[in-house]
Amino acid sequence: LQDLAFSIGLAQADAIFNGTGSSNQITGILAQSGINSISPSGSGDAPTHALMNQMKKECRIDNVMGELKLIINAANEYALAVTPKVTAEPIYLLEDGKVAGMQTYLTNMLPSNITKGGSGATLSKAIALYAPDVLIGYWSGLDITIDPYSYSSDGRVKFVAHRSMDLQLRHPESVTVFADIITA
């Protein structure tokens, strides 16, 4: 049952970021309308100090004044950790768990296999957000039902797991997505 609960947790985390809003999925952060997005070239950009600060700026010009968090994936983490803020200086974009003053949080639920245009580069997404504006409601606990009847004729038992939840952004402008970070 622990494996089943863990799998439900992974699906839940994936839905929080990538849910489409259809087929009984919640509308995840990346599919919300009204959020800010930066993609300067449209076909992928290497992370720079200016672009990471632009993520903050997009929220700030919409009057989001709370402490912003940066959600990144492992590909972003590597790219940010090896990219200097200033050329030939040993100070990197990701230092002490922060980028542009934003505390970073790591999840591999953010896409890291995007390609656009003819560049052939592998792109990732990153999200800057004011966490208190991300509202997640749970309408039940994790329900696990053991069904000994559905497959009783051949001696099997069916496990059914369910969790009802929803996500809403209090202020969509408190989220900025860097849509196309070159990570490989």
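Peer 1: What exactly am I supposed to notice about the side chain of Q12 here?
Peer 2: When you line up the elements, Q12 lands in helix α1 (residues 2-18). Judged by relative accessible area, which is 15%, Q12 ranks as buried. Among all residues touching Q12, those that are not within four sequence positions of it are Y138, R163 and M165.

Peer 1: Would you take a moment to explain a nonpolar patch on the surface for this structure?
Peer 2: On the surface, a cluster of nonpolar side chains totalling about 520 Å² of accessible area is made up of L1, L142, I144, I146, V157 and F159. The topology assignment puts I144 in strand β7 (residues 143-147). Taking the relative accessible area as the measure of exposure, I144 reaches 31% and is therefore partly exposed.

Peer 1: Explanation requested: α1 in the structure shown.
Peer 2: It helps to recall that an α-helix has 3.6 residues per turn; residues three or four apart then point in one direction. Taking 1.5 Å per residue as the helical rise, α1 with its 17 residues ought to reach 24 Å, and the 24 Å between its terminal C-alpha atoms agrees with that figure. Considering only its buried residues, α1 is in contact with β2 (69-72), β5 (123-129), β6 (134-138) and β9 (165-169).

Definitions and limits used
- Residues numbered from 1 in each chain as written.
- Predicted model: local features only at pLDDT ≥ 70, side-chain atom pairs only at ≥ 80, totals over all residues.
- Heavy atoms only, no water.
- Helix = DSSP H or I, 4+ residues; strand = E, 2+ residues; numbered from the N terminus.
- Buried < 20%, exposed > 50% of the residue type's maximum accessible area, 1.4 Å probe, protein only.
- Contact = heavy atoms within 4.5 Å.
- Patch = residues over 30% accessible without salt bridge, like charges linked within 9 Å, V, L, I, M, F, W, Y side chains within 5 Å.
- Areas by Shrake-Rupley, 256 points an atom, 1.4 Å probe, with all protein chains shown as cover.
- Salt bridge = Lys/Arg side-chain N within 4 Å of Asp/Glu carboxyl O.
- Expected span 1.5 Å × (residues − 1).

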